[in-house]
Each structure stands twice: as structure tokens, then as C-alpha cells.
Amino acid sequence: MSSIVTHPFAPWRDYEETSTDEASTEETSVGEAPIAKTSAEEIPVKEIKEPMETQYFRLQVSARHLILASPVFKAALSENWKKRADPLKNGAVEITTSGWDLEALVILMTILHARSQDLPQEIGLELLAKLAVLADYYQCQPFVQYFAEKWIEALKVNFPSKYSRDSILWVWVSWTFNQSTEFTKSTSIAILQSNGIITNLGLPIPGKIIGMLRLQV
């Protein structure tokens, strides 16, 4: 396995800088007509671009488990083995992936390999958000759902009360894992406290959600 290079995950500083700049612009441009916003689909989502250093991981996994759990893994493994023996009959295979948080990736592999006894009892909000990104990308959210709900239950005690990076992480986590109560609470915080500047933190939150939130500010 290659060495690990860290890089920012869902950085908040871009929001803070944009918030300050936009607030200053609004104060000095009195009299200019605001741009009309007619629908959620027309409101662009703020894209956060960070320089990313590539991380490559080589993992030995069970092809059978991954193919059954994820259509993305199924397509990738089927392509690699198209002219070889059936991967379902070959047990362990080696895969190479990049760009993910290693701890979150190991948790996902542990879940998909049905080794729940090796999972942590609790994980932090940021790690859960990283796991949600993986579950979304590999389209295996149903397999992660049960464990995510247990971790979410433990995290509720520290649910944020102010618009912040954590509140947006909650929007993402609650959307991914179908937690309607937490989704309503976190989006309400954004609507009431964001002053109209709502960021997706670079997370794959659907653009229509960010757009609808901005329309309600």
C-alpha cells in the first residue's frame, strides 16, 4: 500500500472568505438591482476547488462481496476480468483506488465484507461524511445504512445549533442515509442563519437541494 498524503476534506475556509467578500460587496453596491432568482434549478451551486494530491491504495478484497454489493465495483471487476476467469470463482483479488480517506475506505470494505464485529462502536461526524461519499460513489448506501444509523444516533448529542461546517456535514449525512429529522434540522439552520450564502463544501449534495435552500433564505 502506498504512503498516505492528506488533503482537505470539505473545507470551510472558502465559505468564510466568500462570506466576507460578498458581504463587503453588498454594502458598497447599494442601488444595484439584485439578480432575479426564478427557480432552484437556475441557481448555480458554489463549487469549491482545492488542489488535490493523489493517494493510491492497493487492497486485497473479495470480488464476490464487492460485486454483490456495488454496481460500480461489479462493472470495474467485470471489465478487468472480461478475458480471464470469472472473478466470483477466484476469491480474493487486488484492486487499486485513489483519492479516498483510508480510514473511511477500510470501514466501507469491512461492511461490504460482512465483518461487522470489526467495526468501531462510534465514529466522528467527519469520518461518517467521508463514508457517505464512498457509499454514494460506489452506490452501496443500503449496505451501509444500518451501521450509519447507529453512528448517527450517537452523534445526535452534539448536533450543531449554528450554521457551520458541521451543519452542512449533517445535511450531507442525513440526506445520504435518509434521516428526515436531522435533514430538516440541518437545512433549517442553513435557511435561518446562512445570510443567503450556502455552500456544499465540495460534497456531492444534489444541486437542487442547495438551490432550494437558497430560495428560502
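Here's what I pulled together on the structure shown here. (Residues numbered from 1 in each chain as written. Predicted model: local features only at pLDDT ≥ 70, side-chain atom pairs only at ≥ 80, totals over all residues. Heavy atoms only, no water.)

## Overview of helix α5 (residues 125–137)
In this model, α5 (13 residues) spans 18 Å end to end at C-alpha, consistent with the 18 Å of a helix rising 1.5 Å per residue. The buried fraction of α5 is high, at 10 of 13 residues. Looking at α5, one finds that the buried residues are L125, L127, L128, A129, K130, L131, A132, V133, L134 and A135. Tucked inside the fold, the buried residues of α5 contact α4 (102–112), α6 (141–155) and α7 (165–176). Phi for Q139, located one or two positions after α5, is positive at around 55°. (Helix = DSSP H or I, 4+ residues; strand = E, 2+ residues; numbered from the N terminus. Expected span 1.5 Å × (residues − 1). Buried < 20%, exposed > 50% of the residue type's maximum accessible area, 1.4 Å probe, protein only. Contact = heavy atoms within 4.5 Å.)

## Describing the side chain of N200
With respect to the helices, strands and loops of the structure, N200 is situated in the loop between α8 (180–193) and α9 (207–216). Taking the relative accessible area as the measure of exposure, N200 reaches 4% and is therefore buried. A polar atom in the side chain of N200 sits 2.8 Å from the backbone nitrogen of G202. (Polar contact = N/O pair within 3.5 Å; in protein donor to acceptor, adjacent residues only side chain to side chain.)

## Section: the nonpolar core
Grouped together as the largest cluster of nonpolar side chains are 61 residues, with contacts concentrated most on L108, M109, L128, W151 and L203. Take this core: its biggest share by element is nine residues, from α5. Split by domain, this core shows at least three residues from each of two domains, domain 1 (58–84 + 93–154) and domain 2 (159–216). (Core = buried A, V, L, I, M, F, W, Y, C linked by side-chain atoms within 4.5 Å. Domains from an automatic or database assignment.)

## Side note on the pattern of salt bridges
Under the counting rule described, the total for this entry stands at six salt bridges. In this structure, K156 engages E153 in a salt bridge whose closest nitrogen and oxygen atoms are separated by 3.1 Å. Here E182 ties to K156 by a salt bridge, and the two come within 3.5 Å at their closest N and O atoms. Placement of E182 in helix α8 and of K156 in the loop between α6 and α7 is noted, with a sequence separation of 26 residues between them. A relative accessible area of 5% places E182 in the buried class. (Salt bridge = Lys/Arg side-chain N within 4 Å of Asp/Glu carboxyl O.)

## Looking at the environment of E94
Checked against the element boundaries, E94 lands in strand β2 (residues 92–98). Here the alpha-carbon distance between E94 and R58, two residues 36 residues apart in the chain, equals 6.6 Å.

## Focus on the environment of K130
Along the polypeptide, K130 turns up in helix α5. In the structure, K130 is positioned 27 residues away from E103 in sequence and 9.1 Å away in space, judged by C-alpha atoms. Setting aside residues up to four positions removed in sequence, K130 forms contacts with F9, D101 and A104. Within the local environment of K130, its side chain forms a polar contact with the side chain of D101, the two groups lying 3.2 Å apart.

## A look at the packing of aromatic side chains
Going through the model one piece at a time under the given rule, you end up with nine aromatic pairs. Centre to centre, the rings of W12 and Y163 are 5.5 Å apart; their planes meet at 65°, and the pair counts as edge-to-face. Taken together, the residues span a long stretch of sequence, with W12 in the segment before α1 (13–28) and Y163 in the loop between α6 and α7 at a distance of 151 residues. Just as W12 is buried, Y163 falls in that class too. Measuring from ring centre to ring centre gives 5.8 Å for W175 and F183, while their planes differ by 45°; the resulting arrangement is tilted. (Phe/Tyr/Trp six-rings, centres within 6.5 Å; stacked < 30°, edge-to-face > 60°.)

## Some remarks on the pairing of β2
Only one face of β2 is covered, namely the face carrying V93, I95 and T97; the face carrying A92, E94, T96 and S98 is uncovered. Taken together, the seven bridges between strand β1 (residues 56–62) and β2 define a ladder with antiparallel strand orientation. Bridge pairing in β2 places F57 opposite T97. (Pairing = 2+ DSSP bridges.)

## Structural notes on the packing of α6 against α7
Two elements in contact, α6 and α7, have axes whose closest approach is 10 Å; the angle formed by their N-to-C orientations is 135°. With respect to α7, the element α6 is oriented oblique. Across from Q141, Q145, I152 and L155 in α6, the residues of α7 making contact are W170, V173 and T176. Classifying every residue of the contact of α6 with α7 gives four nonpolar, three polar and no charged. (Axes fitted to C-alpha atoms, helices over the stretch in contact; angles between N-to-C directions. Parallel < 35°, antiparallel > 145°, perpendicular 65-115°, else oblique. Nonpolar A, V, L, I, M, F, W, Y, C, P; charged D, E, K, R; others polar.)

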